[in-house]
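The primary structure of each chain is shown beneath.
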Amino acid sequence: MHGLLTSALWWVSSVGAQAPSAPLAPMVSTAPSVQAVLPGVGATVLAQGDSPMSAPIQARWDHIAAELRCLVCQNESLASSNAELAVDLRREVRNLIEQGQSDADIRSFLVKRYGDFVLYKPEVKPVTWLLWFGPFALLLMALAVALRLMRRTPVAPAPLTDSERERVRRMLES
């Protein structure tokens, strides 16, 4: 069964390539806490030329990847996306980690390059206030409108004139 799975993974990774130059790298393992938060993180496969990461680099990569969004898929994490841009960004993040960049430096690099959208939880700053506080403001406005409508006293209907009463009486008799 393991040989069949390895062959299938090798075939999937080599689709589009002329001739594979190296065997398929093993699946990336993730920490249970990251997998509980983002189930797709464990599905990441290393690119064909990448070597497996050491445990400390893997732990940092899992932590950073859980905070980053795929710019193509938008609702997928960087780790779980198969888009070409996501593969390039994963490789870039890994290189930055291996160069000794801090997590904050890596996040700021990606934000400078791609904007706040790359973060699942962007910083609270004037540019993102609408994103952070807009839903609460809409909820408060909806509650205010609902309360105002509920407190409004119903307007009593105007009494019928004599001619209107006569017309209604004729309609009912016919």
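Structure first, text after, so check above.
Here the residue numbering is sequential within each chain, running from 1 through the sequence in written order. Restriction of local features to residues with pLDDT of at least 70 applies here, the model being predicted, together with a cutoff of 80 or more for giving and counting side-chain atom pairs; totals for whole chains, interfaces and linings are based on all residues. Note that the side-chain values use all heavy atoms of the structure and ignore hydrogens as well as water.

## A short note on the nonpolar core
Then comes step 1: Residues Trp61, Leu68, Val93, Ile106, Leu110 and Val118 are the most contacted members of the largest nonpolar core, which totals 20 residues.
Then comes step 2: Helix and strand definitions here come from DSSP, where helices need a minimum of 4 consecutive H or I residues and strands a minimum of 2 consecutive E residues; each element is numbered from the N-terminal end. Elements that contribute at least two residues to this core include exactly α3 (55-67), α4 (84-98) and α5 (103-114).
Then comes step 3: Counting residues per element, this core draws most heavily on α4, which supplies five residues.
Then comes step 4: Discounting chain neighbours no more than four positions away, the residues touching Val118 are Glu67, Leu68, Arg69, Leu71, Leu110 and Val111. To qualify as a nonpolar core, a set must consist of buried Ala, Val, Leu, Ile, Met, Phe, Trp, Tyr and Cys residues joined through side-chain atoms within 4.5 Å. Remark: exposure states derive from per-residue accessible area (1.4 Å probe, protein chains only) relative to the maximum for the residue type, with buried under 20%, exposed over 50%, and partly exposed in between. Here, two residues are considered to be in contact whenever any of their heavy atoms come within 4.5 Å of each other.

## Re helix α6 (residues 129-151)
Then comes step 1: Expected helix span is computed as 1.5 Å times (number of residues minus one). Over its 23 residues, α6 extends 32 Å from the first C-alpha to the last, a length consistent with the 33 Å expected when each residue adds 1.5 Å.
Then comes step 2: Taken as a whole, α6 carries its principal kink of about 30 degrees at Pro135. The angle between axes fitted to the seven residues ending at a residue and the seven residues starting there is what we call the bend at that residue.

## Side note on the pattern of salt bridges
Then comes step 1: The term salt bridge refers to a side-chain nitrogen of Lys or Arg lying within 4 Å of a carboxyl oxygen of Asp or Glu. Evaluated as defined, the whole model comprises eight salt bridges.
Then comes step 2: In this structure, the salt-bridge partner of Glu166 is Arg169, at a minimum N-O distance of 2.1 Å. Within this pair, Glu166 and its partner Arg169 are both found in helix α7 (residues 162-173), separated by three residues, close to a single helical turn.
Then comes step 3: A relative accessible area of 30% means that Glu166 is categorised as partly exposed.
Then comes step 4: Given a relative accessible area of 39%, Arg169 falls into the partly exposed group.
Then comes step 5: Arg170 is paired through a salt bridge with Glu166; the nearest N and O atoms lie 3.8 Å apart. Taken together, the residues span about one helical turn, with Arg170 and Glu166 both in helix α7 at a distance of four residues.
Then comes step 6: One connected set of salt bridges, linked through shared partners, spans Glu166, Arg169, Arg170 and Glu173.

## Digging into α4
Then comes step 1: Given a rise of 1.5 Å per residue, 15 residues ought to cover 21 Å, and the 21 Å separating the end C-alpha atoms of α4 matches this to within 8%.
Then comes step 2: Among the residues of α4, those classed as buried are Ala86, Leu89, Arg90, Val93, Arg94, Leu96 and Ile97. The arc enclosing the buried residues of α4, seen along the axis, measures out at 160 degrees, which places them on a common side.
Then comes step 3: Buried-residue contacts for α4 involve α3 and α5.
Then comes step 4: Trailing α4 by a residue or two, Gly100 shows a phi angle of about 90 degrees, which is positive. Here the arc refers to the set of directions running from the helix axis out to each C-beta atom.

## Some points on a nonpolar patch on the surface
Then comes step 1: Each patch is built from salt-bridge-free residues with over 30% relative accessible area, joining like charges within 9 Å and nonpolar side chains (Val, Leu, Ile, Met, Phe, Trp, Tyr) within 5 Å. Only the protein chains shown count as cover for residues, and all accessible areas are computed by the Shrake-Rupley method using a 1.4 Å probe. Residues Val124, Trp129, Leu131, Trp132, Phe133 and Phe136 make up a contiguous nonpolar surface patch of roughly 650 Å² in combined accessible area.
Then comes step 2: Examined against the element boundaries, Trp129 turns out to sit in helix α6.

## Some remarks on the packing of aromatic side chains
Then comes step 1: Two rings from Phe, Tyr or Trp (for Trp, the six-membered ring) form a pair when their centres sit within 6.5 Å of each other. Planes less than 30 degrees apart are called stacked, planes more than 60 degrees apart edge-to-face, and all others tilted. On inspection of all chains with the given rule, the structure shows zero aromatic pairs.
Then comes step 2: Whether a charge lies above a ring is judged from NZ of Lys or CZ of Arg, which has to be within 6 Å of the ring centre and within 35 degrees of the ring normal. Over the ring of Phe117 we find Arg69, and its NZ or CZ is 4.6 Å from the ring centre.

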